[in-house]
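The lines below spell out each chain.
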Amino acid sequence: MADAVEDRHLKLTGEFDCDATPLATLRHSTSHVMAQAVKRLWPDTKVTIGPSIDDGFYYDFARAQPFTPEELERIEGVMREIVKADTPFERSEMPRADAIKFFRDRGETYKVEIIEGIDAPTVSLYAQGDFIDLCRGPHVASTGAIKAFKLLSSSGAYWRGDEKNPMLWRIYGTAWLSQEDLDQYLWRLEEAKKRDHRKLGRELDLFDFYDVAPGAPFWLPNGMILVRELEKFARERLDAQDYKEISTPMLVNKRLWEESGHWEYYQDNMFQVEVEGEIFSLKPMNCPEAAYVYRRALRSYRDLPLRLSEMGRDHRNERSGTLTGLVRVRQFTQDDAHLFCRPDQLQDELTLLLDLVRDWYKAFDLQPSYKLSTRPDKRMGTDAQWDDAENALHESLRSNGLQYALNPGDGAFYGPKIDIDVSDALGRAWQIATIQVDLNNPERFKLEYIDADGQPKRPIVIHRAIFGSYERFIGILTEHYAGAFPTWLAPVQARVLPISEKFMDYAKVVYDRLRAARVRAELDDRNEKLGYRIRDAQMRKVPYMLVVGAREREANTVSLRPRTGEDLGAVALDRVVADLTGEIAARSATLTEGRA
Ligand SMILES: [Zn+2]
Ligand SMILES: [Zn+2]
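Residues numbered from 1 in each chain as written. Chains lettered and ligands numbered in written order. Predicted model: local features only at pLDDT ≥ 70, side-chain atom pairs only at ≥ 80, totals over all residues. Heavy atoms only, no water.

(A) Structural context of the overall build of the protein. Per the secondary structure count, the protein includes 19 helices and 28 strands. Once the C-alpha set of the protein is aligned to its principal axes, its extents read approximately 90 × 75 × 55 Å. Scored against the burial criterion, the 596 residues of the protein give a buried share of 53%. The contacts in the protein between residues at least 6 apart in sequence include a share of 70% that link residues at least 24 apart. Approximately 28,100 Å² of the protein is accessible, and the part contributed by carbon and sulfur atoms is 49%. Charge centroids of the protein, computed over 83 positive and 97 negative side chains, lie 3 Å from each other. (Helix = DSSP H or I, 4+ residues; strand = E, 2+ residues; numbered from the N terminus. Buried < 20%, exposed > 50% of the residue type's maximum accessible area, 1.4 Å probe, protein only. Contact = heavy atoms within 4.5 Å. Areas by Shrake-Rupley, 256 points an atom, 1.4 Å probe, with all protein chains shown as cover. Lys, Arg positive; Asp, Glu negative; His and termini not counted. Charge placed at Lys NZ, Arg CZ, Asp CG, Glu CD.)

And the structure:
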């Protein structure tokens, strides 16, 4: 998402390319009102650009010092006055040369620069009251239409996104069609802050970051449990669909990247290393090496489809300023696979794959949505190949009964694709998975199979990842569950709490039973009050606490307390162990223990 905003920012010629939905129009109009308020308070501040973005808007201002939180409040106050005055937005046109003079006279040098970059005889302006801005529109009819808004934060941003340019000060805000929507959004923001995976990652000892390795996590023992459980989950499903797992080198001679085309088109994103006078690179993706594995043997039409999976550890040279926790990293592990098939198998492969994807996300209570991107203007391959590939994608979506959006022209030059977003517990969409048909890779690597007629033919390659990357997916899951992972994923699944040290013997019996059943259990025998230890287990989001005292020892039971805070009372130890192992084996999304 940040990418798209940044791209638009860079491309801006002064005419906002905002989408014209009512909400985007409202938000963009609110940015004009904010600019008006800023100019009213500090007339020397220069205005630059102010588009609508996902969930809100921003405006970049040129002035010496950043905006303080108190200043944001003052700006909001003036904005409310402007809204109350209900001034109409009025459109006018001006010859380009006049507009340059108009803004130069007002000292708005950034606007002058923008207009100088516009190749048109006239430009359009919008005024509300004493404020006039260069803009293509559209806007709401008058400032009174802006009902529910809030300024959120301020940060530095370079003019045109280029660090060689002056630093501007950006104010972010949000605006909604009703107060109710705004309240809901602010609640989600608060909740998202509490769920921030960087914060939870540290609190729950999942992973950490150190500045010696920007964009690459240090996985801690608790976090590695998540990685290992997800790997196990993935491998079980892939084995069932007859995938073959491979693992290919990370550090690879540039000759491979020249063969694949990455050297020409992707070099800037690759880390390079000189070894014995030759250039090597850390792989940014796994495709070329999967092609090597395919090519090492003579393949017959009967060998296909061949599904090669790889937990591919990749590196991409993302700019340090864009790195964000686990969701934007330099080093990541893709749950990658390359499916090599005959053209007549493409449809079935895609259908099977979408079935897998659907089942996969269901296990995490994530709601997927599908987008199909079709042929761009510049592309390789024949129209017939594209027809077949696009039809196969359409049909596989339909046969799985999946709704999908269409993105005409948005496919890669080498083939159409399905992108999959998931929406989490807060309703936020994350783009994680992709299924791409590749017509180019087999051509470039001269991949072949011997067909039934004895002739060599090119297979089709499908690239796909379902978690996307383990790093990003675990970041998303951590926020989705607010750190309270379902029992099968939880680093610690149960904690045994003796009421006092008198019951240590029995607590040890319970603990040993759990460990023997391969439940990840801990025994909290600290010399602390029971209430303190219960709160601590809740803070650590341990699914179950098993409290034991005299009565429990007597009856061979435990007092069961899920992390949600209820007290489910005494349950027979045998049953607790059986139910808990059952819940874990079923990878249940909810805590079911003691509720049957
Ligand atoms: Zn505008
Ligand atoms: Zn690939």
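(B) Main features of the coordination of the zinc ion (ligand 2). Protein coordination at the zinc ion (ligand 2) comes from C287 (SG), H338 (NE2) and H463 (ND1), with a distance range of 2.0 to 2.3 Å. The sequence pattern describing where the donors of the zinc ion (ligand 2) fall on their chain is C-x50-H-x124-H. You can see C287 sitting in helix α11 (residues 287–295) and its partner H463 sitting in strand β23 (residues 460–469), a full 176 residues away along the chain. Overall, the relative accessible area of 9% leaves H463 in the buried class. (Donors = N, O, S within 2.8 Å, 3.2 Å for Na, K, Ca; no water.)

(C) Summary view of the confidence of the model for the protein. When pLDDT is averaged across the protein, the result is 92; 97% of the residues are at 70 or more. Low pLDDT, under 50, characterises residues 1–17; the stretch is placed with 34 contacts to residues that sit more than four places away or in other chains. (pLDDT = per-residue confidence, 0-100.)

(D) View of the environment of E113. If you trace the backbone, E113 turns up in helix α5 (residues 109–116). E113 gets classed as partly exposed once you look at its relative accessible area, which sits at 36%. Between the C-alpha atom of E113 and that of R237, which follows or precedes it by 124 residues, the distance is 56 Å. The residues contacting E113, other than those within four sequence positions of it, are W159 and R160. At a separation of 3.1 Å, a polar atom in the side chain of E113 contacts the side chain of W159. There is a polar contact of 3.4 Å between the side chain of E113 and the side chain of R160. (Polar contact = N/O pair within 3.5 Å; in protein donor to acceptor, adjacent residues only side chain to side chain.)

(E) Summary view of the packing of helix α12 (residues 346–362) against helix α13 (residues 383–399). Closest axis-to-axis distance for the α12/α13 pair is 8 Å, and the angle between their directions is 40 degrees. With respect to each other, α12 and α13 are oriented oblique. For the element pair α12 and α13, the recorded crossing hand is right-handed. Only D388, A389, N391, A392, L393, E395, S396, L397 and S399 of α13 make contact with α12, whose side of the interface consists of L346, Q347, L350, T351 and L354. Taken together, the residues of the contact of α12 with α13 sort by class into seven nonpolar, five polar and two charged. (Axes fitted to C-alpha atoms, helices over the stretch in contact; angles between N-to-C directions. Parallel < 35°, antiparallel > 145°, perpendicular 65-115°, else oblique. Left-handed = near helix turned anticlockwise from the far one by under 90°. Nonpolar A, V, L, I, M, F, W, Y, C, P; charged D, E, K, R; others polar.)

(F) How the structure looks around the pattern of salt bridges. Taken as a whole, this structure holds 53 salt bridges when the rule is applied. With its nearest N and O atoms 2.7 Å apart, the salt bridge here joins D451 to K457. A relative accessible area of 18% places D451 in the buried class. Within this structure, R375, R379, D383, D387 and E390 form a network of salt bridges that share partners. (Salt bridge = Lys/Arg side-chain N within 4 Å of Asp/Glu carboxyl O.)

(G) Region of interest: unusual backbone geometry. The amide bond that connects G137 to the next residue, P138, takes the cis arrangement and shows omega of 0 degrees. Mapped onto the elements of the fold, P138 is located in the loop between β6 (131–134) and β7 (148–158). Of note, the bond from L304 into P305 is cis; its omega dihedral lies within 30 degrees of zero at 0 degrees. The backbone of K446 sits at a positive phi, close to 50 degrees, despite the residue not being glycine. Following the sequence through the fold, K446 ends up in the loop between α14 (441–444) and β21 (449–450). You will see that A482, though not glycine, has its phi angle at about 50 degrees, which is positive. With respect to the helices and strands, the residue A482 is situated in the loop between α15 (470–480) and β24 (494–498). Look at A482 and you get buried, because its relative accessible area is 18%.

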